Amino acid sequence: MATKKTTADAETSEATATAEATTASAATVSAKTKTEKTFTLTALQKHCRELFGVPTVVFAGATAGLDTDKKYTVSEVKDIITTWCKKEVK
């Protein structure tokens, strides 16, 4: 006896697949972050032009609210700078 898939069944399957993909993606990012070296903001700022392609004033603006005692990976700070640069000017 064959069962007919309803729209709700299809949506549930799609949502489950999306959740699994998101979880796998987050695990990959988490593993990547754990293997990357971390640096102080001061060290990253000294090389911000080479690492991120931005001058020190942009780096300072993008990282203004971050904890200076914490260490960050290059990819974390790159994401922060990219997000900050895309913000709408008010």
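Residues numbered from 1 in each chain as written. Predicted model: local features only at pLDDT ≥ 70, side-chain atom pairs only at ≥ 80, totals over all residues. Heavy atoms only, no water.

Student: Describe the overall build of the protein chain, and please don't skip the residues or the numbers.
Tutor: Looking only at helices and strands, the protein chain has 5 helices and 0 strands in total. Starting at the N terminus and walking to the C terminus, you meet the elements of the protein chain as α-α-α-α-α. Considering the protein chain as a whole, with its 90 residues, one finds that 14% of them fall into the buried category. Nonlocal contacts in the protein chain, meaning residues at least 24 apart in sequence, comprise 54% of its contacts between residues at least 6 apart. For the protein chain, the accessible area works out to roughly 7100 Å², and carbon and sulfur atoms hold 58% of it. (Helix = DSSP H or I, 4+ residues; strand = E, 2+ residues; numbered from the N terminus. Buried < 20%, exposed > 50% of the residue type's maximum accessible area, 1.4 Å probe, protein only. Contact = heavy atoms within 4.5 Å. Areas by Shrake-Rupley, 256 points an atom, 1.4 Å probe, with all protein chains shown as cover.)

Student: Pulling in residues and values, what's your account of the packing of aromatic side chains?
Tutor: Taken as a whole, this structure holds 1 aromatic pair when the rule is applied. Between the aromatic rings of phenylalanine 52 and phenylalanine 59, the centroid separation amounts to 6.0 Å while the plane-to-plane angle is 25 degrees, which identifies the pairing as stacked. Here phenylalanine 52 falls in the buried class, since its relative accessible area comes to 13%. (Phe/Tyr/Trp six-rings, centres within 6.5 Å; stacked < 30°, edge-to-face > 60°.)

Student: I'd love a proper account of the nonpolar core, names of residues and values included.
Tutor: Counting residues in each nonpolar core, the largest one holds 11 residues, listed as Leu41, Leu44, Cys48, Phe52, Val54, Val58, Phe59, Ala62, Tyr72, Val77 and Ile81. Contributions of two or more residues to this core are made by helix H2 (41-46), helix H3 (48-52), helix H4 (56-62) and helix H5 (74-86). No other element matches H4, which puts 3 residues into this core. (Core = buried A, V, L, I, M, F, W, Y, C linked by side-chain atoms within 4.5 Å.)

Student: Could you give me a rundown of the side chain of threonine 63, with the residues and numbers involved?
Tutor: The topology assignment puts threonine 63 in the loop between H4 and H5. When residues no more than four places from it in sequence are discounted, the contact partners of threonine 63 are Leu41 and Val77.

Student: Residue-level account of the confidence of the model for the protein chain, with values.
Tutor: Averaged over all residues, the pLDDT of the protein chain is 78; the fraction at 70 or higher stands at 62%. Within the model, the stretch residues 15-19 combines pLDDT values under 50 with 0 contacts to residues more than four positions away or in other chains. This stretch, residues 21-27, has a pLDDT under 50; its non-local contacts, to residues over four places away or in other chains, come to 0 contacts. (pLDDT = per-residue confidence, 0-100.)

Student: How would you explain the environment of threonine 63 if you had to name every residue and give the values?
Tutor: Among the residues examined, threonine 63 registers a relative accessible area of 7% and is labelled buried. Between the alpha carbons of threonine 63 and glutamine 45 there is a distance of 9.5 Å; along the sequence they are 18 residues apart.

Student: So what's going on with the side chain of threonine 73? Residues and values would help.
Tutor: The topology assignment puts threonine 73 in the loop between H4 and H5. Given a relative accessible area of 1%, threonine 73 falls into the buried group.

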